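Here is how the chains run, residue by residue.
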Amino acid sequence: MATSAMDIETPETLVPNQNGNSKTKPIKTRNWLLILINCALVSCGSIGGPLLMRLYYLHGGNRKWFSSFIASAGFPILIFPLMFHFFRSESSTDKIWSCFWLEHKLFLRGVILGILYGLVTFMYALGLSYIPVSTSSLLMATQLCFIAFFSWLIVKQKFTAFIINAVVVMTLGSVLLGINTNGDRPVGVTKSQYLLGFLLTLAAAALAGLIMPLIELSFSKAINNLTYSSLLQFQFILSLSSTIVCVIGMLANKDFQAIPREANDFELGKARYYIIMVVTAIVWQLSGVGTVGVIFYTSALFNGILGSVLIPLTGVAAVIFYHESFTGLKGMALALCLWGFCSYFYGEYKMTKKVIVKVENEPKRLLGDQEEP
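Before going into details, it helps to say that this report is about the structure given with it. This is a predicted model, so every value here is computed, not measured.

One finds F66, I215, F219, F234 and Y273 to be the most contacted residues of the largest nonpolar core, which totals 80 residues. With eleven residues, helix 9 (residues 191-220) is the single largest residue contributor to this core. Here F66 is in contact with Y56, M250, D255, I259, E262, Y273 and M277, once residues within four sequence places are set aside. With eight residues, the next largest nonpolar core counts F75, L232, F236 and I237 among its residues.

Here's what the structure looks like:
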């Protein structure tokens, strides 16, 4: 059964040694350096990705499949850290197996999840073309609700009253965004297009909320011990599969013929068009690597919490760079989301505190049992 994202690692049970004395095995600790690095990568994508995609749409871009393609097409950059790991490896016999070979079942799961992720990126890209970044970011906040539910259903994540409160409050926040469809509609977007963007973004959040626990389940089902190289390989396969889905969509939509024309007509210039696309692909890929790392070293639920915490920063950045409106209803929705975050963190704090107390009392209890005749 999966532990809560913020729980400390439980120690081994006190056991008597050969002399009859009890000793406690050391508590396992998390690799906080890798956790912080992956959290930074997720932050880079959560804030930079939507802003760069919006920049593409604001200045003449309108290819939806191409936008979703960019969200996963940066996977070739993962070859560089894999090669670095290959040359740093001390064992010559196991280099290829450890750096460039993923076990079959994990490979297959990566392909399936990549196909699903391709659908998520398309729905998100299409939705973002009709709604502002700030509204899209707040809608994606509901991803936490879906991650919490599917984590409880798939990986048996503890579903406390605090998580239930967060789910309810954040759902109400997303409903508030749909009450008024006129206040923040971009210029040239109709009511029906705004509603379509609203629903597609919400559906993308739900499907992404399903994918995260499935990734956690895939890691837990792995036969061999996973290393960071394994995570990079998994992300490579996932992104490659997603990219293939998007390429099929681009072929059907004749995007490859339209891209040169779109680049020539781009308001910021042809060179900046391609620069923005390359930078966006890299930013999204770094975010994907961070997401896989956060899930592996903590849990899918913690990754959802992290993404939700970054949403206010994304909204603020959209207001600063794109001068998007921040209406009263949107502010109320944001407040409800923040309330849900606080509820979750308070619940995790109380759970962690109980674990610490239990750990401190465990030696006394076991020593007391040994004194009984």
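There is more to say, and it comes next.
The next thing to look at is unusual backbone geometry. Peptide bonds are trans in most cases, and residues, glycine excluded, mostly fall at negative phi. Positive phi is not limited to glycine here, since K156 has a value of about 60°. Structurally, K156 can be placed in the loop between helix 7 (143-154) and helix 8 (161-177).

Attention now goes to the environment of L199. You can see L199 is positioned in helix 9. Sequence separation of L199 and Y124 is 75 residues, and the distance between their C-alpha atoms is 9.9 Å.

Moving on, we come to empty space enclosed by the protein. Rolled over the atoms, a probe sized like a water molecule indicates the empty space that remains. For the structure on display, the rule yields three cavities of 30 Å³ or more. The volume enclosed by the largest cavity comes to roughly 710 Å³. Lining the largest cavity are 36 residues, with S46, M140, Q143, W284 and S287 sitting closest to its centre. Ranked by residues supplied to the lining of the largest cavity, first place goes to helix 12 (residues 270-297) with six residues. Residues belonging to the lining of the largest cavity are distributed by class as follows: 18 nonpolar, 18 polar and no charged. Roughly 50 Å³ of volume is contained in the second largest cavity. Elements supplying a minimum of two residues to the lining of the second largest cavity: helix 1 (32-58), helix 2 (64-70) and helix 12. Looking at the lining of the second largest cavity residue by residue, the classes come out as six nonpolar, two polar and no charged.

So, about the packing of aromatic side chains. Using the criterion set out here, one finds 16 aromatic pairs in the structure. With centroids separated by 6.4 Å and ring planes inclined at 20°, the aromatic side chains of Y228 and Y297 adopt a geometry described as stacked. On the criterion of sequence distance, the pair formed by Y228 in helix 10 (residues 228-253) and Y297 in helix 12 is long-range, its members being 69 residues apart. On the basis of relative accessibility, which here comes to 24%, the residue Y228 falls in the partly exposed class. Ring geometry for F266 and Y273: centres 5.1 Å apart, planes at 70°, overall edge-to-face.

Definitions and cut-offs
Residues numbered from 1 in each chain as written. Predicted model: local features only at pLDDT ≥ 70, side-chain atom pairs only at ≥ 80, totals over all residues. Heavy atoms only, no water. Core = buried A, V, L, I, M, F, W, Y, C linked by side-chain atoms within 4.5 Å. Buried < 20%, exposed > 50% of the residue type's maximum accessible area, 1.4 Å probe, protein only. Helix = DSSP H or I, 4+ residues; strand = E, 2+ residues; numbered from the N terminus. Contact = heavy atoms within 4.5 Å. 1 Å grid on protein atoms, 1.4 Å probe; cavity = no way out; pocket = protein on both sides within 12 Å on 5 of 7 lines; lining within 4 Å. Points joined across faces, edges and corners; volume = space filled by probe spheres on them. Nonpolar A, V, L, I, M, F, W, Y, C, P; charged D, E, K, R; others polar. Phe/Tyr/Trp six-rings, centres within 6.5 Å; stacked < 30°, edge-to-face > 60°.

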